[in-house]
Amino acid sequence: MEQITLGQIGIAVGFLVALIAGVNALKKSIKEWLNSALKENFDGMNKRFDGLEKRLDSVDIENCKNYLVTFLAEAARGEIKDETELQRFWEEYEHYQKLGGNSYIKNKVEELKGRKLL
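Residues numbered from 1 in each chain as written. Predicted model: local features only at pLDDT ≥ 70, side-chain atom pairs only at ≥ 80, totals over all residues. Heavy atoms only, no water.

### Describing the environment of Glu62
Mapping Glu62 onto the fold places it in helix H1 (residues 6-76). When the C-alpha atoms of Glu62 and Glu110 are compared, they prove to be 21 Å apart, with 48 residues separating the residues in sequence. (Helix = DSSP H or I, 4+ residues; strand = E, 2+ residues; numbered from the N terminus.)

Set out below in structure tokens:
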């Protein structure tokens, strides 16, 4: 220990700095290589997910319409709905409106509200 010189300490510190810089450069190179290699696959997956999301949105709005039209037809025929059914109707109707639903359902809701059937 007594024979360690400042030059040896400098060499050791320089070696550590160079080793750390080399590891960081290697890490960066590997990361860039992986990103470029996988980018094409991810782009294809993103396109498929976009298409899937559009189809799910379409199914969602169509199911909302089916439920609402059936419920409104039953209400128009005078079928009595309990509180839970009415709450569910209003939840579904609000969701349908957020999805940008058609005005014919809104018009029917307003008509039935005016006739005090909802």
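### Overview of the environment of Leu99
Within the secondary structure, Leu99 is located in the loop between helix H2 (83-98) and helix H3 (103-114). Sequence-wise, Leu99 and Lys39 are 60 residues apart; in three dimensions their C-alpha atoms are separated by 32 Å. If we ignore the near neighbours within four places in the chain, the residues touching Leu99 are Asp60, Ile61 and Cys64. (Contact = heavy atoms within 4.5 Å.)

### Re the packing of H1 against H2
Between two packed helices, what matters for the description is the angle formed by their axes and the separation of those axes. It is the contact of H1 with H2, at a shortest axis distance of 10 Å, that shows an interaxial angle of 140 degrees. Taken together, the axes of H1 and H2 lie oblique to each other. Pair H1 / H2 crosses with left-handed handedness. Judged by residue contacts, Asp60, Ile61, Cys64, Lys65, Tyr67, Leu68, Phe71 and Leu72 of H1 engage Glu85, Leu86, Arg88, Phe89, Glu92, Tyr93, His95 and Tyr96 from H2. (Axes fitted to C-alpha atoms, helices over the stretch in contact; angles between N-to-C directions. Parallel < 35°, antiparallel > 145°, perpendicular 65-115°, else oblique. Left-handed = near helix turned anticlockwise from the far one by under 90°.)

### Regarding a nonpolar patch on the surface
Judged by side-chain polarity, Leu26, Ile30, Trp33, Leu34, Leu38, Phe42, Met45, Phe49, Leu52 and Leu56 come together as a nonpolar surface patch covering roughly 980 Å² of accessible area. With respect to the helices and strands, the residue Leu56 is situated in helix H1. For Leu56, a relative accessible area of 53% puts it in the exposed group. (Patch = residues over 30% accessible without salt bridge, like charges linked within 9 Å, V, L, I, M, F, W, Y side chains within 5 Å. Areas by Shrake-Rupley, 256 points an atom, 1.4 Å probe, with all protein chains shown as cover. Salt bridge = Lys/Arg side-chain N within 4 Å of Asp/Glu carboxyl O. Buried < 20%, exposed > 50% of the residue type's maximum accessible area, 1.4 Å probe, protein only.)

### Overview of the pattern of salt bridges
One pass over the structure, following the stated rule, counts nine salt bridges. With a shortest N-O distance of 3.5 Å, Lys98 and Glu94 are connected by a salt bridge. Within this pair, Lys98 and its partner Glu94 are both found in helix H2, separated by four residues, close to a single helical turn. Note on Lys98: relative accessible area 67%, which makes it exposed. Linked by salt bridges that have partners in common, Arg88, Glu91 and Glu92 make up one network.

### A short note on the packing of aromatic side chains
For the coordinates displayed, the defined rule picks out five aromatic pairs. Measuring from centroid to centroid gives 6.0 Å for Tyr67 and Phe71, while their planes differ by 35 degrees, and the two rings are tilted. In this pair, Tyr67 and Phe71 both sit in helix H1, four residues apart, roughly one turn of the helix. You can call Phe71 buried: its relative accessible area is 4%. (Phe/Tyr/Trp six-rings, centres within 6.5 Å; stacked < 30°, edge-to-face > 60°.)

Structural measurements only, silent on function.
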